[in-house]
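Okay, here's what each chain looks like letter by letter:
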Amino acid sequence: MKILYVAAEISPFARMTYTADLLRFLPASLQDKGFEIRILLPKYGSINDRRNRLHEVIRLSGIEVKVGDTIETMKIKVASIPNAKLQVYFLDNDTYFKRKGLFRKPDSEEFYEDNDERLAFYNKGVLETVIKLGWEPDIIHCHDWPAGLTPLLVKTLYKDEKIFQNTKIVYNLHHPINEGDSDSARVLELLGLPADTDIDNLTEEGKVDLLKLGLKYSDHVVTGNYLKDEFDDIFDELGIKPEKIQGSPEDVSDKFAEYYRTISDAE
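Caption draft 1: Representation of helix α9 (residues 249-265) within the structure. Counted at 1.5 Å a residue, the expected span for α9 with its 17 residues is 24 Å, and the 24 Å between its end C-alpha atoms agrees. Considered for burial, the residues of α9 that qualify are Val-252, Ser-253, Phe-256, Ala-257, Tyr-259, Tyr-260 and Ile-263.

Written out as structure tokens, the structure is:
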């Protein structure tokens, strides 16, 4: 079974929250259980190529990603998680990810002003990379608010892509704080969504909540160890009953292995 992980953090390469620590262990342990895993992460400027032994995947060079009216290109680099056989793919683009900070400025902890462009580029870039790879995921496993655009894109802009026709989307919330609640809906304009997309259904008073978008357009929702009732109001509003997959890293690995098989077998 092929599982695509969409996450903006994974230890030891990039860490914002404890989600990065779980993702250091979970995909590698699942690969040991026989799953075929791909992880795609932004290649932040804080990730040193030499120290982390990154190398470019030449056959994936020059992938184009349209952000608004601009076409950006990227390189794809890979490196292995230390002491694991699992490789991480890095989306390398100087315009959006050469800077040292992840989504906040290191000196002030303020969000970067162009995070909407960066998130549009990252979420679209993940899907463009998978298409270029020719690798058909059975499941796309999205993590927290930075990956909230991926379910929307798969169900709208990329809905006719053959490679995603049988893909199921799992949206996994780990962190109780939602930092994807944007003051504007500009990120939706940057995605280049189809003309028949109901934008009113994606916004509230001209604003967009990436986490809520992820919930709306996913096939399955999972909550992790650190969530209690923080998002219950949103779950109730959307009619979602999330699956709780919690416990020690080993427990979570076993539970996800079973969960993936269950949802893949379901009609």
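Caption draft 2: View of the side chain of Thr-156. As for its placement among the helices and strands, Thr-156 is situated in the loop between α5 (149-155) and β8 (168-173). Thr-156 gets classed as buried once you look at its relative accessible area, which sits at 10%. Leaving out residues up to four positions away in the same chain, Thr-156 has contacts with Leu-193, Pro-194 and Thr-197.

Caption draft 3: Up close: helix α1 (residues 19-32). If you check α1, its first and last C-alpha atoms are 20 Å apart, about what 14 residues at 1.5 Å a residue would give, namely 20 Å. Along α1, the positions that sit buried rather than exposed are Thr-19, Ala-20, Leu-22, Leu-23, Leu-26, Pro-27, Ala-28, Ser-29 and Leu-30. Looking at the packing, one finds that the buried side of α1 touches β1 (2-6), β2 (36-42), β7 (139-143) and α9. In the stretch just after α1, Gly-34 is the one whose phi turns positive, near 110°.

Caption draft 4: Representation of the side chain of Thr-167 within the structure. Mapped onto the elements, Thr-167 comes out in the loop between α5 and β8. Among the residues examined, Thr-167 registers a relative accessible area of 8% and is labelled buried. Here the side chain of Thr-167 touches Pro-137 through a polar contact of 2.6 Å, landing on its backbone oxygen. When sequence neighbours within four positions are dropped, the list of residues in contact with Thr-167 reads Pro-137, Asp-138, Ile-139, Ile-140 and Asp-219.

Criteria and thresholds
- Residues numbered from 1 in each chain as written.
- Predicted model: local features only at pLDDT ≥ 70, side-chain atom pairs only at ≥ 80, totals over all residues.
- Heavy atoms only, no water.
- Helix = DSSP H or I, 4+ residues; strand = E, 2+ residues; numbered from the N terminus.
- Expected span 1.5 Å × (residues − 1).
- Buried < 20%, exposed > 50% of the residue type's maximum accessible area, 1.4 Å probe, protein only.
- Contact = heavy atoms within 4.5 Å.
- Polar contact = N/O pair within 3.5 Å; in protein donor to acceptor, adjacent residues only side chain to side chain.

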